[in-house]
Amino acid sequence: MLALILCSAGIYLLIQIGLAIGCFRIKNPQLAYNQDFHPVSLIIAAHNEAENLKKNLKNWLELDYSEYEVLVVLDRCSDESEEILKNFKAQYSHLRYLNIEELPEDWAGKKWALQKGIEASKHAFLAFTDADCELEEKFLLHLNAFYTQGNEVILGQGLYIKESGFLNQFIRFETLYTSFQYLGSAKLGFPYMGVGRNLSYTKAFYLDSQGLKEISSRISGDDDLLINKYARPQTTACMIGKGTRSFSEAKKDFKSWINQKLRHLSASPAYSLSSKLFLSAFHLSHTAFYLGLILFLIFDRTLCLFWASYIGRIGISWLIFLLVKNKLEDNSQLYLFPVLDLLYFIYNLSLVPIGLIQKRTAWS
């Protein structure tokens, strides 16, 4: 059992250190207001999101940028979404919207909405967020700086608003965990996912990749599967920190959060083999460490070895997370890291297997 504990801890920490090195390689270009501005189409797919449209449209329409359009694609909405958009359009000429009434048989709702939005977009540079997200004011300026450097894919951070309650704290911790992995991995030359709340790529990249057709029937994966299949390390950038992020409200109850995570996890079986091997090594080493501790307590009970192994692994991991959190300017709280890390083990052991095998067919 001690060998299992030490081996799993060693593998996990080595991967963590590698990802941290990747995160520390991220550097945002300097903003320059005298550089060429790439016209951008900001695309949002929405399904019965009237309340979020009321809340966030003004934010999207008043970003600090000289030439962009906001294109909202309504997927078979039965609420007042279209009426809200009509009212805003009277005030903002750069707002456009599409109304989708029918869904092709082989397409999931959000993917078809994005497909039609990209087809209808006016500009060669595309940005995406979700209907429940606000963007920081200089979001498009930062994208422009990256595109000026010749990038075709830009991975950003989608954060959750800090609120009271332990569930909110764990959701923000899990979000940091995910950002740590995909941003660090991308800077090590292995981009495997992004988040649809904060993602950008050129229309040429999308067309060269044949878009979402290969994954059209999956409810999830409009963000990560496209990146997983087609993003190239040399033209994929990561942007972090103030001015670059999206913010949304986290789920308020465990049932809603579990449904959200199961939907996200349902895309993972379609990842490339190399992505699966990497993620399996990382998460299985995390899980094996705690399983080893449990077995050690049952069969050996040498408490000094138990606590030395546990404190050593947790302490180093905690320090790495603190350093990465500061680098990413993430808003998670880590003072309860040992508890959060243990809960992440339970999440890996229980929820992840269900998400990998259960097919999701609805927006939420």
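Bear in mind the structure is a predicted one, so any value in this text is a computation, not a measurement.

**A short note on the environment of Y33**
Position of Y33 among the secondary structure elements: in the loop between α1 (2–24) and β1 (40–46). Measuring from C-alpha to C-alpha, the distance between Y33 and A204 comes to 25 Å, with 171 residues separating the pair along the chain.

**Thoughts on a nonpolar patch on the surface**
Together, M1, L4, L291, I294, L295, I298, F299 and L349 make up a nonpolar patch on the protein surface, roughly 700 Å² of accessible area in all. For the nonpolar patch, the element with the most residues is helix α10 (residues 273–299), which contributes five residues. If you trace the backbone, L4 turns up in helix α1.

**Considerations on the sheet that holds strand β6 (residues 153–155)**
Read across the sheet, seven strands follow the order β3-β2-β1-β4-β8-β6-β9 without closing on themselves; strand pairing throughout is mixed. Taken across any chain shown, the strands that pair with only one partner, and hence form the sheet edges, are β3 (95–100) and β9 (236–238). When strand polarity is set aside, the average angle formed by the axes of neighbouring strands in this sheet is 20 degrees. Alignment of β1 against strand β2 (residues 68–75), held across seven bridges, turns out to be parallel. Considered in β2, the bridge of I44 is made with V72. Along the sheet, helix α3 (residues 81–89) contacts β2 and β3; its crossing angle with β3, the most-contacted strand, is approximately 160 degrees. Sheet strands touched by helix α5 (residues 139–148): β1, β2, β4 (125–128), β6, β8 (199–202) and β9. Its angle to β4, the strand with the most contacts, is close to 140 degrees.

**Section: the side chain of S179**
For S179, the location among the structural elements is in helix α6 (residues 166–187). The class for S179 is buried, based on a relative accessible area of 1%. The contacts of S179, once residues within four sequence positions are left out, are G184 and L328.

**Here we look at the sheet that holds strand β5 (residues 133–135)**
As summarised here, the arrangement of the three strands in space is β5-β10-β7, forming an open sheet in which the pairing is mixed. Either end of the sheet is taken by a strand with one partner, and the two such strands are β5 and β7 (158–160). Averaged over all adjacent pairs, the angle separating strand axes in this sheet is 30 degrees, with direction ignored. When β7 meets strand β10 (residues 246–248), the two strands line up parallel, connected through three bridges.

**Comments concerning the packing of aromatic side chains**
In total, this model carries 31 aromatic pairs according to the counting rule given. Look at Y177 and F282: their rings are 6.0 Å apart centre to centre, the planes differ by 50 degrees, and that puts the pair in the tilted class. Placement of Y177 in helix α6 and of F282 in helix α10 is noted, with a sequence separation of 105 residues between them. Neither residue differs from the other here; Y177 and F282 are each classed as buried. Where Y290 meets F345, the ring centres are 5.0 Å apart and the plane angle is 25 degrees; that geometry is what we call stacked. Within this pair, whereas Y290 is found in helix α10, its partner F345 is found in helix α12 (residues 337–357), the two being separated by 55 residues in sequence. Clustering of aromatic rings is evident, with ring pairs tying together Y12, F170, F173, Y177, F180, W257, F282, W318, F321, F337, Y344 and Y347. Cation over ring: R313 sits above F289, and NZ or CZ is 4.7 Å from the ring centre.

Thresholds, definitions, all that
- Residues numbered from 1 in each chain as written.
- Predicted model: local features only at pLDDT ≥ 70, side-chain atom pairs only at ≥ 80, totals over all residues.
- Heavy atoms only, no water.
- Helix = DSSP H or I, 4+ residues; strand = E, 2+ residues; numbered from the N terminus.
- Patch = residues over 30% accessible without salt bridge, like charges linked within 9 Å, V, L, I, M, F, W, Y side chains within 5 Å.
- Areas by Shrake-Rupley, 256 points an atom, 1.4 Å probe, with all protein chains shown as cover.
- Salt bridge = Lys/Arg side-chain N within 4 Å of Asp/Glu carboxyl O.
- Pairing = 2+ DSSP bridges.
- Axes fitted to C-alpha atoms, helices over the stretch in contact; angles between N-to-C directions.
- Contact = heavy atoms within 4.5 Å.
- Buried < 20%, exposed > 50% of the residue type's maximum accessible area, 1.4 Å probe, protein only.
- Phe/Tyr/Trp six-rings, centres within 6.5 Å; stacked < 30°, edge-to-face > 60°.
- Lys NZ or Arg CZ within 6 Å of the ring centre and 35° of its normal.

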